[in-house]
Amino acid sequence: MSDANRRIFPRAEGEYLAWFQVPGGSFEQCVVLDIGLDGACLVLPHALPEGNESFEVEFQLAPDWMVRAKATLLWQRPNSDFVLAGIRYRPVRSADRNLIGPWVHRQRKVQS
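Analysis parameters
- Residues numbered from 1 in each chain as written.
- Predicted model: local features only at pLDDT ≥ 70, side-chain atom pairs only at ≥ 80, totals over all residues.
- Heavy atoms only, no water.
- Pairing = 2+ DSSP bridges.
- Helix = DSSP H or I, 4+ residues; strand = E, 2+ residues; numbered from the N terminus.
- Axes fitted to C-alpha atoms, helices over the stretch in contact; angles between N-to-C directions.
- Polar contact = N/O pair within 3.5 Å; in protein donor to acceptor, adjacent residues only side chain to side chain.
- Contact = heavy atoms within 4.5 Å.
- Buried < 20%, exposed > 50% of the residue type's maximum accessible area, 1.4 Å probe, protein only.
- Core = buried A, V, L, I, M, F, W, Y, C linked by side-chain atoms within 4.5 Å.
- Salt bridge = Lys/Arg side-chain N within 4 Å of Asp/Glu carboxyl O.

Engineer: Sorry, what's going on with the sheet that holds strand β1 (residues 11–21) here?
Structural biologist: The strands that make up a sheet are held in pairs by hydrogen bonds between backbone atoms, and each pair lies either parallel or antiparallel. The strand order around the closed barrel formed by 6 strands is β1-β2-β3-β6-β5-β4, and the pairing between neighbours is antiparallel. With strand direction ignored, the average angle separating the axes of adjacent strands in the sheet is 40°. Bridge count between strand β5 (residues 65–78) and strand β6 (residues 83–91): 9 bridges; the pairing is antiparallel. Across the sheet, the residue bridging to R77 is L84, located in β6.

Engineer: What is the right way to look at the pairing of β6 in this model?
Structural biologist: The side chains of a regular strand alternate, residue by residue, between the two faces of the sheet. As paired elements, strand β3 (residues 39–44) and β6 share 6 bridges and run antiparallel to each other. By the bridge assignment, C41 is partnered in β6 with G86. Linking β5 back to β6 in an antiparallel pair, the connection comprises 4 residues.

Engineer: What should I look at first to understand the side chain of D96 in this one?
Structural biologist: Secondary-structure assignment places D96 in helix α2 (residues 94–111). Within polar-contact distance, the side chain of D96 engages the side chain of W65 at 2.8 Å. Those residues in contact with D96 that lie beyond four places of it in its chain are W65, M66, V67, R68 and P91.

Engineer: What should I look at first to understand the pairing of strand β4 (residues 55–62) in this one?
Structural biologist: Among the 8 residues in β4, 6 count as buried, and that is most of the element. Note that β1 and β4 share 4 bridges and pair antiparallel. Within β4, the residue paired with W19 across the bridge is E58. Where β4 lies against β5, 7 bridges are found, and the strand directions are antiparallel. Counterpart to E56 in the pairing with β5 is K70.

Engineer: Which parts of the structure should I look at to understand the nonpolar core?
Structural biologist: One broad rule of soluble globular proteins: the nonpolar side chains tend to lie buried together. Core analysis: the largest hydrophobic core is formed by 27 residues, its most contacted members being I35, F59, L61, I87 and Y89. Those elements that place two or more of their residues in this core are β1, β2 (28–36), β3, β4, β5, β6 and α2. Ranked by residue count, the leading element in this core is β5, at 5 residues. Residues within four places of Y89 in sequence aside, it is in contact with I35, G36, L37, D38, G39, A40, F59, A69, K70, A71 and I100.

Engineer: Any chance you could explain the environment of G36 here in plain terms?
Structural biologist: Its place among the elements puts G36 in strand β2. The spatial distance from the C-alpha of G36 to the C-alpha of G101 is 7.4 Å, given a sequence separation of 65 residues.

Engineer: I tried to follow the pattern of salt bridges on my own but got confused; where do I start?
Structural biologist: Where charged atoms of side chains with opposite charge meet at close range, the side chains can pair. Under the criterion given, the structure shown has 5 salt bridges. Two residues, K70 and E56, come together in a salt bridge whose shortest N-O distance is 2.8 Å. Highlighted residues: K70 in strand β5 and E56 in strand β4, separated in sequence by 14 residues. Residue classification places K70 among the partly exposed residues on the basis of a relative accessible area of 43%. For E56, a relative accessible area of 15% corresponds to the buried category. Among the ionic pairs, R68 bridges to E58, the shortest N-O distance being 2.3 Å. Placement of R68 in strand β5 and of E58 in strand β4 is noted, with a sequence separation of 10 residues between them. Exposure remark for R68: the relative accessible area of 37% places this residue in the partly exposed category. What you see here is one network of salt bridges that share partners, running through E56, E58, R68 and K70.

Laid out in structure tokens, this is it:
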């Protein structure tokens, strides 16, 4: 079964800016290819350390809306110039947790 078929919640596809920070590091820019209620696919400039250690991620989902979250790495696949990574995340602010579901559904309607 493919990763997409195992997903329970829908995802918004696109290219959204994001920043990630592994413990002890500084924030680095990346791109989000798709994002759902609790997971996302990132395009990273390099591989992340393996393990269950959480890291910070900030998604810029609109010009005036940044979502800060705690994330864990589910998988990563290196390519020649970048790394695709699947993450599970939980927004830090409860307001963002409540808004992200309706936002994903709106984005999916725009993409259709």
